[in-house]
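# Inside the fold
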Amino acid sequence: MERVLGWIDEGTALCREALGDLEAPSLLPGWSRRHVAAHLSLNAEALGNLVEWARTGEERPMYPSREARDADIEAGTSRSADELRSWFEAATTGLSASMATLTDAQWQAEVRTSRGEPIPATRIPWMRSREVMIHAVDLGTGLTFADLPTDFLEALCEDIRTERGDVPKVNGPLPEIAAYLTGRPYTNVTGPEGNAAHPLAPWL
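Summary of the structure given here. Just so it is clear, the structure is predicted and the values come from calculations on it, not from any experiment.

Right, let's talk about the environment of Met127 for a bit. Among the structural elements, Met127 can be located in helix H6 (residues 124–138). Owing to a relative accessible area of 9%, Met127 belongs among the buried residues under this scheme. When the C-alpha atoms of Met127 and Val4 are compared, they prove to be 9.5 Å apart, with 123 residues separating the residues in sequence. In this structure, Met127 is in contact with Leu47, Met62, Thr113 and Ile119, ignoring residues within four places of it in sequence.

Moving on to the pattern of salt bridges. With the rule as written, the count across this model stands at 15 salt bridges. Between Asp82 and Arg85 there is a salt bridge, with the nearest N and O atoms lying 2.9 Å from each other. Pair noted here: Asp82 and Arg85 are both in helix H4 (residues 81–99), with a separation of three residues, about one helical turn. Measuring nitrogen to oxygen at the nearest pair gives 2.8 Å for the salt bridge that ties Arg130 to Asp159. Highlighted residues: Arg130 in helix H6 and Asp159 in helix H7 (residues 150–164), separated in sequence by 29 residues. Across the pair, Asp159 and Arg130 agree in class, each one buried. Each of the salt bridges in this network shares a partner with another, and the network as a whole consists of Arg115, Arg123, Arg130, Asp159 and Glu163.

Turning next to the environment of Val132. Note that Val132 resides in helix H6. Residue Val132 is classed as buried on the basis of its relative accessible area of 0%. Those residues in contact with Val132 that lie beyond four places of it in its chain are Trp7, Ile8, Gly11, Thr12, Cys15 and Leu40.

A separate point is the nonpolar core. With 62 residues, the main nonpolar core has Phe145, Leu148, Phe152 and Leu156 as its most contacted residues. For this core, the elements supplying multiple residues, two or more each, are helix H1 (2–18), helix H2 (33–56), H4, H6, H7 and helix H8 (174–181). Of all the elements, H2 adds the most residues to this core, at twelve residues. Every residue in contact with Leu156, bar those within four places of it in the chain, is listed here: Trp126, Arg130, Ile134, Phe145, Ala178, Thr182 and Trp203.

In this section: helix H3 (residues 66–76). What H3 keeps buried is the set Arg69, Ile73 and Gly76. For H3, the angular spread of buried residues about the axis comes to 65°, placing them on one side. Buried positions along H3 lie against H2 and H4.

Moving on to the state of the cysteines. Note on terminology: a disulfide is the covalent bond linking the sulfur atoms of two cysteines. Evaluation of the coordinates by the stated rule reveals zero disulfides. There is no disulfide at Cys15, and the cysteine sulfur nearest it, in Cys157, is 19 Å away. On the basis of relative accessibility, which here comes to 0%, the residue Cys15 falls in the buried class. Cys157 gets classed as buried once you look at its relative accessible area, which sits at 3%.

Moving on, we come to the packing of aromatic side chains. Enumeration according to the criterion identifies four aromatic pairs in this entry. Considering the side-chain rings of Trp7 and Phe152, the 5.5 Å spacing of their centres and the 75° angle between planes classify their relative orientation as edge-to-face. Taken as a pair, Trp7 in helix H1 and Phe152 in helix H7 lie far apart in primary sequence, 145 residues in all. Accessibility expressed as a relative area gives 0% for Phe152, which makes it buried. Residues Trp126 and Phe152 carry aromatic rings whose centres are separated by 5.6 Å and whose planes lie at 50° to one another, so their mutual orientation is tilted. Placement of the pair is Trp126 in helix H6 and Phe152 in helix H7, with a sequence separation of 26 residues. Here the aromatic cluster, defined as three or more aromatic residues joined through ring pairs, consists of Trp7, Trp126 and Phe152.

What counts and what doesn't
Residues numbered from 1 in each chain as written. Predicted model: local features only at pLDDT ≥ 70, side-chain atom pairs only at ≥ 80, totals over all residues. Heavy atoms only, no water. Helix = DSSP H or I, 4+ residues; strand = E, 2+ residues; numbered from the N terminus. Buried < 20%, exposed > 50% of the residue type's maximum accessible area, 1.4 Å probe, protein only. Contact = heavy atoms within 4.5 Å. Salt bridge = Lys/Arg side-chain N within 4 Å of Asp/Glu carboxyl O. Core = buried A, V, L, I, M, F, W, Y, C linked by side-chain atoms within 4.5 Å. Arc of directions from axis to C-beta. Disulfide = S-S within 2.5 Å. Phe/Tyr/Trp six-rings, centres within 6.5 Å; stacked < 30°, edge-to-face > 60°.

The following block contains the structure:
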């Protein structure tokens, strides 16, 4: 848990630096940096709902619906740059503070992801670390997967293979494999027969 919380801190710092210029495009098709900033803030609040669920036992879904989530992200892009940055800081700080209140027993409580998957609350920090690390790259400041911690990339690749289930074994440098598995641009990744790996749909 301690290492995962460290990844959250590292990814948050990388995102914070990238949010200095919100007018530039992101690397995600159809999304500006404003979209990414709004998504990161909403995600922190949504995960905070799961923390509250674990703490009280009262069901608190991440989002009312996928449509509501998407609409809230779009609406968030109309905020000023300062408002977006302040929102990110408040949401991030709020999530960290709420996670710090959970007891050992509460961390074992079952909650559900936005897709309805039942998970123990212990997964919440990992879910946040994925968001801030991957989207720090997506913000398009020149950061790449090669700049992220090796142990995070190893955990990420294992997690994606488990979640996607249908991913063939590929070969290549770890950062490029992580980029490949998340559906981001990659190079030097080959399939088991040495052929070029077939691109995957975006993940996360």
